[in-house]
Amino acid sequence: MKQQKPRNGNNSCLGVHGIESLIRSLIKRHKTPFLIIRRAALKKQLERFRRCLPEVTPYYAIKANPLPGVIKTFIKLGTSFDVASANEMKRVLSFGSSPSRIIFANTIKTPEDITCAKRRRVRLLTFDNEPELYKLAKHYPGAHVLVRIKVANTGSVVELSLKFGAEPDQAFFLLRKAKALGLVPMGVSFHVGSQSKNVENYLQALELSANIFNEAKGAGLPLKIMDIGGGFPIEHFDNEIGINFERMAAQIRQRMKAIFDRNVKFIAEPGRFLVGPAGILVTQVIGRTFRNNKNYYYLNDGIYGDFSGMIFDHCRYEFKTLRRGQKFLSALAGPTCDSFDTLSMNEEIPELYVGDVVYVKNIGAYSCASAVPNFNGFPPAKIITI
Ligand SMILES: *Cc1c(COP(=O)(O)O)cnc(C)c1O
């Protein structure tokens with residue numbers, strides 16, 4: 001048997017026994033549902049990112065999980081941050097981040113939020129259209145800007161190019177326009193879509209971006225920052241195939257080195273990759289019945305809660321139990337008075353009883369972040385940071 005240290009969470013790679021003993025010990029002291037966030041796993045993912053992409057500075061996209069414990073941990077570890085609104089910006093600053101370590105990466109910003117960035121000295125912003133440049137020039141002259149381009153999101157679970165990104169052949173025009181308006185054109189950004197399993201998206205986007213860098217350099221407007229966005233995938237299921245971050249990163253790194261000048265600074269905006277593996281959601285069965293020829297189990301967290309990612313993030317999870325033995329086709333549902341609050345119609349799980357635990361790993365991103373607190377009076381899952 002491997003030694004496990006579930007109590008302090010120092011062991012960044014918990015096996016099934018480690019996770020189960022951690023759950024058994026926490027459930028004695030805390031009411032379910034609860035979401036365990038493991039700092040050791042946050043650190044491990046950040047180290048993985050830095051090891052595989054050493055030239056790329058990660059700006060953690062806090063929308064994936066804005067919990068204080070997560071932000072504070074990443075500040076301690078020296079991470080930078082990607083924020084999408086003045087409130088996210090203030091949140092990161094309030095925990096002690098330097099404004100120079102923040103990128104305001106929502107391409108559409110309200111005048112008030114732009115003014116807030118100016119006051120708080122958050123200088124790096126993204127944009128993807130001409131009207132936004134006029135807005136920026138008016139409310140934040142001298143701001144440093146990256147043009148976000150539209151890139152392929154093929155095979156990504158969450159499509160982001162439907163709503164964002166300038167046509168790549170317009171990018172240079174927009175950067176020149178930015179300069180004419182008194183802004184400082186710094187470079188290019190893209191997002192290949194979230195949970196992007198297809199490395200080609202990154203490679204093609206890098207090629208498109210390098211062309212813009214070359215065009216700008218040729219015109220005497222050299223660019224300095226290449227922002228490769230987020231989208232880095234994680235495994236939501238044990239032994240999931242088709243996801244190999246190490247190999248993906250190696251290909252991205254090789255291409256970056258081959259097509260960009262040495263003095264270009266690379267940054268990225270990982271969200272899911274840094275925080276997803278750190279979360280374990282623990283729920284309990286609060287009711288059971290037999291319907292449609294299968295066992296139905298009602299859990300105390302659902303679609304309106306920490307499983308909100310099943311809707312907004314198009315995510316699927318692996319439901320696990322502490323029971324062993326013969327498995328039966330079962331359905332899992334959340335606690336609210338809404339049939340839509342159904343988590344799965346076909347799980348193969350052992351027979352469960354009221355009070356039994358159902359838990360899900362790798363649920364740290366886009367879970368509590370997008371939950372609706374107290375719908376139907378059900379409180380949000382308690383957060384336990386270890
Ligand atoms: C959502 C988002 C991210 C984070 O994406 P992940 O897929 O979680 O890595 C980064 N940048 C921008 C602009 C985003 O909208």
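Residues numbered from 1 in each chain as written. Predicted model: local features only at pLDDT ≥ 70, side-chain atom pairs only at ≥ 80, totals over all residues. Heavy atoms only, no water.

## Description of the packing of helix H5 (residues 111-119) against helix H6 (residues 130-139)
- Between H5 and H6, the least distance of the axes is 9 Å, while the angle of their chain directions is 45°. Taken together, H5 and H6 sit at an angle that is classed as oblique. Here H5 and H6 pass one another in a crossing that is right-handed. In this structure, H5 uses Pro-111, Ile-114, Thr-115 and Lys-118 to contact H6, whose residues at the interface are Glu-132, Lys-135, Leu-136 and His-139.
- Residues of the contact of H5 with H6, tallied by class, amount to three nonpolar, two polar and three charged. (Axes fitted to C-alpha atoms, helices over the stretch in contact; angles between N-to-C directions. Helix = DSSP H or I, 4+ residues; strand = E, 2+ residues; numbered from the N terminus. Parallel < 35°, antiparallel > 145°, perpendicular 65-115°, else oblique. Left-handed = near helix turned anticlockwise from the far one by under 90°. Contact = heavy atoms within 4.5 Å. Nonpolar A, V, L, I, M, F, W, Y, C, P; charged D, E, K, R; others polar.)

## Regarding the pattern of salt bridges
- Taken as a whole and assessed by the stated rule, the structure comprises 18 salt bridges.
- By sharing partners, the salt bridges in this structure join Asp-238, Glu-318, Lys-320 and Lys-361 into a single network. (Salt bridge = Lys/Arg side-chain N within 4 Å of Asp/Glu carboxyl O.)

## Section: the sheet that holds strand S4 (residues 102-104)
- Strands sit in the order S2-S3-S4-S5-S6-S8-S10-S11 around a closed barrel of eight strands; the barrel is parallel. Averaged over all adjacent pairs, the angle separating strand axes in this sheet is 30°, with direction ignored.
- In this sheet, strand S11 (residues 265-268) lies alongside strand S10 (residues 225-227) in parallel orientation, the contact comprising three bridges. Residue Ile-225 lies in a different strand from S11, and its bridge partner there is Lys-265. (Pairing = 2+ DSSP bridges.)

## Examining the site of the ligand
- Of all residues adjacent to the ligand, which total 14 residues, the nearest are Lys-63, Ser-194, Glu-269, Arg-272 and Tyr-366.
- Backbone polar atom of Gly-231 to an oxygen atom of the ligand: 2.8 Å apart, as the coordinates give it.
- The separation between an oxygen atom of the ligand and a polar main-chain atom of Arg-272 is 2.8 Å.
- When the ligand is considered free in solution it has 390 Å² of accessible area, and contact with the protein chains removes 92% of it.
- Tallied by class, residues from the shell around the ligand come to four nonpolar, five polar and five charged. (Near = heavy atom within 4 Å. Polar contact = N/O pair within 3.5 Å; in protein donor to acceptor, adjacent residues only side chain to side chain. Areas by Shrake-Rupley, 256 points an atom, 1.4 Å probe, with all protein chains shown as cover.)

## So, helix H4 (residues 86-94)
- Inspection of H4 places Ala-86, Glu-88, Met-89, Val-92 and Leu-93 among the buried residues, and these make up the whole buried set. The buried residues of H4 occupy an angular sector of 160° when the element is viewed end-on, so they sit on one face. In H4, the exposed positions that point more than 90 degrees away from the buried face belong to Asn-87 and Ser-94.
- Structurally, H4 contributes buried residues whose contacts are with helix H3 (68-76), strand S3 (80-83), S4 and H5.
- In the segment just after H4, Gly-96 is the residue with positive phi, at about 110°. (Buried < 20%, exposed > 50% of the residue type's maximum accessible area, 1.4 Å probe, protein only. Arc of directions from axis to C-beta.)

## So, the nonpolar core
- Ranked by internal contacts, the top residues of the largest apolar core, which has 98 residues, are Phe-190, Phe-232 and Ile-252.
- Among the elements that line this core, the one with the most residues is helix H8 (residues 199-218), at nine residues.
- Looking at which domains feed residues into this core, each of domain 1 (3-37 + 279-385) and domain 2 (39-275) supplies at least three.
- Ignoring any residue separated from it by four or fewer positions in sequence, one finds Phe-232 in contact with Phe-49, Leu-53, Tyr-202, Phe-245, Ile-252, Ala-268, Pro-270, Arg-272 and Phe-273.
- Ranked by size, the runner-up nonpolar core spans 14 residues in total, among them Leu-22, Phe-34, Tyr-359 and Ile-384. (Core = buried A, V, L, I, M, F, W, Y, C linked by side-chain atoms within 4.5 Å. Domains from an automatic or database assignment.)

## Describing the packing of aromatic side chains
- Under the defined criterion, the tally for this structure stands at 14 aromatic pairs.
- For the ring pair Phe-213 and Phe-260, a centre distance of 5.2 Å and an interplane angle of 85° mean the geometry is edge-to-face. One end of the pair, Phe-213, is in helix H8; the other, Phe-260, is in the loop between helix H9 (245-259) and S11, and 47 residues separate them in sequence.
- Using a relative accessible area of 8% as the deciding quantity, one classes Phe-260 as buried.
- Ring centres of Tyr-296 and Tyr-298 lie 6.3 Å apart, and the angle between their planes is 35°; on these two criteria the pair is classed as tilted. (Phe/Tyr/Trp six-rings, centres within 6.5 Å; stacked < 30°, edge-to-face > 60°.)

## A closer look at the confidence of the model for the protein chain
- With 97% of its residues at a pLDDT of 70 or more, the protein chain shows a mean pLDDT of 95.
- Every residue in residues 1-10 is under pLDDT 50, and counting partners more than four places away or in other chains gives 19 contacts. (pLDDT = per-residue confidence, 0-100.)

## What to know about the domain arrangement of the protein chain
- Here the domain parsing of the protein chain yields domain 1 (3-37 + 279-385) and domain 2 (39-275).
- Of the roughly 1900 Å² buried between domain 1 and domain 2, counting both surfaces, carbon and sulfur atoms make up 56%.
- Our count for the domain 1 to domain 2 interface comes out at three salt bridges.
- Note that Asp-238 is salt-bridged to Lys-361, the shortest N-O span being 3.0 Å.
- Where domain 1 packs against domain 2, one counts eight residue pairs in polar contact (both at pLDDT 80 or more). (Buried area = accessible area lost by both parts, 1.4 Å probe.)

## Looking at the environment of Asn-292
- Turning to its location among the elements, Asn-292 is positioned in the loop between strand S12 (279-291) and strand S13 (294-299).
- For Asn-292, a relative accessible area of 54% corresponds to the exposed category.
- For Asn-292 and Tyr-304, which are 12 residues apart along the polypeptide, the C-alpha to C-alpha distance reads 24 Å.
- Reaching out from Asn-292, the side chain makes a polar contact with the side chain of Tyr-296 at a distance of 3.3 Å.

## Concerning the packing of H8 against H9
- Their axes nearest at 10 Å, the elements H8 and H9 cross at an angle of 15°. Regarding the angle of H8 to H9, the classification is roughly parallel. H9 is crossed by H8, and the crossing has right-handed handedness. Residues Val-199, Tyr-202, Leu-203, Leu-206, Glu-207 and Ala-210 of H8 touch H9, and the partners they reach there are Met-248, Gln-251, Ile-252, Arg-255, Met-256 and Ile-259.

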